[in-house]
Amino acid sequence: MQKKYSKWCVGQATAGCLVPVQSTLHNLRRVALGVASGSAVCLMGPVGSGKTVLVDHLAHLTGRRDMPHLLKVQLGDETDAKMLLGAYCCTDIPGEFVWRPGVLTQAVSAGHWLLMEDIDSASSDVIAVLASLLETGAITVPGYRDHLKAAPGFQLFLTYRLMSSASGLYKQRSNACELLEKHWLLVNMEHLTSEELIHIITVKFPVLKTVASRMVALYLTFSAGDHDGTVAHSAMGRLTSTRDLMKWCTRAVMGFDVSSPDSALKVLQDAIDIFCCNINNPESRVTLAKSVSSNLGIVQTKAEYLLSSYKPQPIKLINESCIVGRISIPIKHEDCLPKENVMRFAQTRPAACLLERVAACLSLREPVLLVGETGTGKTSTLQLLARHTHHTLVVVNMNQQSDSADLLGGFKPVDVKFIIAPIRNEFERLFRSFFKVEQNLKFLEHISNCFTGKRWTQLLQLMKHSQTAAVKRLLGEQEQNKSKLAEWRAVGEKIHRLETQLKQNQAALAFTFVEGTLVRALREGWWVLLDEINLASAETLQCLSGLLEGGEGEGILTLEKGDIETVPRHPDFRLLAAMNPA
């Protein structure tokens, strides 16, 4: 069985699946044993040990890769049982409340898999709900169901994070979690040995085969994990995990030539950017960079030059690309190049180096955190790159009063015109593509006059009449125009809901769900800068975990709106953050 699985995984390795090494297969077998026995599975290990990836991989093998078959929730001090179980929430119709189940209720009732991250950070009421579920196989949802049994196929996964200290990794004790320990199957994540790491790099990045051993040896000097029975610690204060090694390999593989001295220098520069540039002290940074250079077999003067004297070339616009030092970022609109630069930006050596490092992250869709005092150019650097690449940069100033609704959105009072405008635009788009415009110019003019004069009832009646006629006509040609029929029916539902809302509320204001800045940016492909992110509460930042952990296609779920599908991530979306060191 293991040989068959290994052969299958070798074929899937290039598709983003796990590389079959002994430690990974052993971890996967124990998780699969827990699933087969119907027990809750707790994966315990340090940051970056592959706990979440292992569950994702197993879900992929069993056809549960996408939502809602695999649900995820990030636990924290602010996560309460109400969020997991569900609650009655208001809608855009005044006086109407609907039941919106939480992620736990959804998974239990539908028989889905549920992954709960960082169970060691869960509050006591969440632990009590989970303990009841594991003991009785059912949950009690106040105000909804007194005894909701878990449907066949339901599986609970938990992750438990090990902390790092001078003496090694340790488990942070939690009295609440002790209630669950007798019910779950504990899987201690086996650490990847240096030989396994080399094999993974060789399989995923074949061109790096000749330098894989040196790269792994360098990574082990920084890693906070336990490899080959020894624990290495970095003086950086930031945990270095296997993610950083994979990030380094992803950068190094681009344009790599084993016989080229320039490729060796690029590998060194990428290593310095990933492992050294987050150290505050310049002297410590240079010392560490020299050590990196020595591990890679490159003279130390090269590392000292890169940190002390190297200055990237100024920004250049060539064809449809923005060249920032050694990095090339495509300009968003080929037919709409940026106008002449009216933004005054002195590209000194530190500024040019920062531009190049940020551009490297942006080109690979990596999240960026800029740390520096006020006035050091954190925001200006991003504004310059956004302007040259013709992207929209949205700055959100975070503070202690910031709420997750500021980023995700919520129900807010708005002018009725704000709600009707998008429905009218969608109606006119369908109308012009379905009916003859020349024969209906007066009708469209009447629609425009009603909208301008805020005669909402008359406007909705006119749109409803045309929508009914279009649906009636399409029903006879259902086979040929299924998509068009679905679009007209969707518009009809929106018109009907808006009519109900206006009947219930005759005031000039109405309630509707207004998407937050983060959701709009995710959908439209904007760059989002969360300024002073260190001032925001943990609850506010929990909504970012899916964007930081997820892959290219991962989005976020707007629970308050009642969505059951995630908001898709636009390929141009980038997540940026800035903070003061204090």
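Residues numbered from 1 in each chain as written. Predicted model: local features only at pLDDT ≥ 70, side-chain atom pairs only at ≥ 80, totals over all residues. Heavy atoms only, no water.

With an unreviewed UniProt entry as reference, the protein chain is termed AAA+ ATPase domain-containing protein, source organism Graphocephala atropunctata.

Novice: Kindly report on the sheet that holds strand 13 (residues 316-318), identifying the contributing residues and their values.
Specialist: Judged by pairing direction, the sheet is antiparallel, and its 3 strands sit side by side in the order 13-14-15 without closing on themselves. One side of each edge strand has no neighbouring strand; the edge strands of this open sheet are strand 13 and strand 15 (327-330). Across the sheet, the axes of successive neighbouring strands diverge by a mean angle of 30 degrees, strand direction being ignored. Here strand 14 (residues 321-324) pairs with strand 15 via 4 bridges, running antiparallel. (Pairing = 2+ DSSP bridges. Helix = DSSP H or I, 4+ residues; strand = E, 2+ residues; numbered from the N terminus. Axes fitted to C-alpha atoms, helices over the stretch in contact; angles between N-to-C directions.)

Novice: An account of the pattern of salt bridges is requested, with residue identities and associated values reported.
Specialist: Pairing between side chains of opposite charge can happen when the charged atoms of each approach one another. The tally for this structure, following the rule as stated, stands at 13 salt bridges. Glu-487 serves as the salt-bridge partner of Arg-429, at 3.8 Å between the closest nitrogen and oxygen. Here Arg-429 is found in helix 17 (residues 416-434), whereas its partner Glu-487 is found in helix 20 (residues 482-504), with 58 residues between them in sequence. Given the relative accessible area of 44%, Arg-429 is considered partly exposed. Beyond isolated ion pairs, a larger network of salt bridges with shared partners links Lys-266, Asp-270, Asp-273, Arg-326, Glu-356 and Arg-357. (Salt bridge = Lys/Arg side-chain N within 4 Å of Asp/Glu carboxyl O. Buried < 20%, exposed > 50% of the residue type's maximum accessible area, 1.4 Å probe, protein only.)

Novice: I'd like a rundown of helix 19 (residues 456-475), residues and numbers included.
Specialist: Under the 1.5 Å per step criterion, the end-to-end length of helix 19 is 28 Å for 20 residues, consistent within 8% with the ideal 28 Å. Of all the residues in helix 19, the buried ones are Trp-456, Leu-459, Leu-460, Leu-462, Met-463, Ser-466, Gln-467, Ala-470, Val-471 and Leu-474. Along the axis of helix 19, the buried residues cluster in a sector spanning 165 degrees; they form a single face. Among the exposed residues of helix 19, those pointing more than 90 degrees away from its buried face are Thr-457, His-465 and Lys-472. (Expected span 1.5 Å × (residues − 1). Arc of directions from axis to C-beta.)

Novice: Got a sec to walk through the pairing of strand 7 (residues 145-149)? Specific residues and values, please.
Specialist: Here 3 bridges tie strand 6 (residues 138-141) to strand 7, and the two strands are oriented antiparallel to one another. Each residue of the ladder has a partner; that of Val-141, found in strand 7, is Arg-145. From the end of strand 6 to the start of strand 7, which pair antiparallel, there are 3 residues, and Gly-143 there has a positive phi angle of about 80 degrees.

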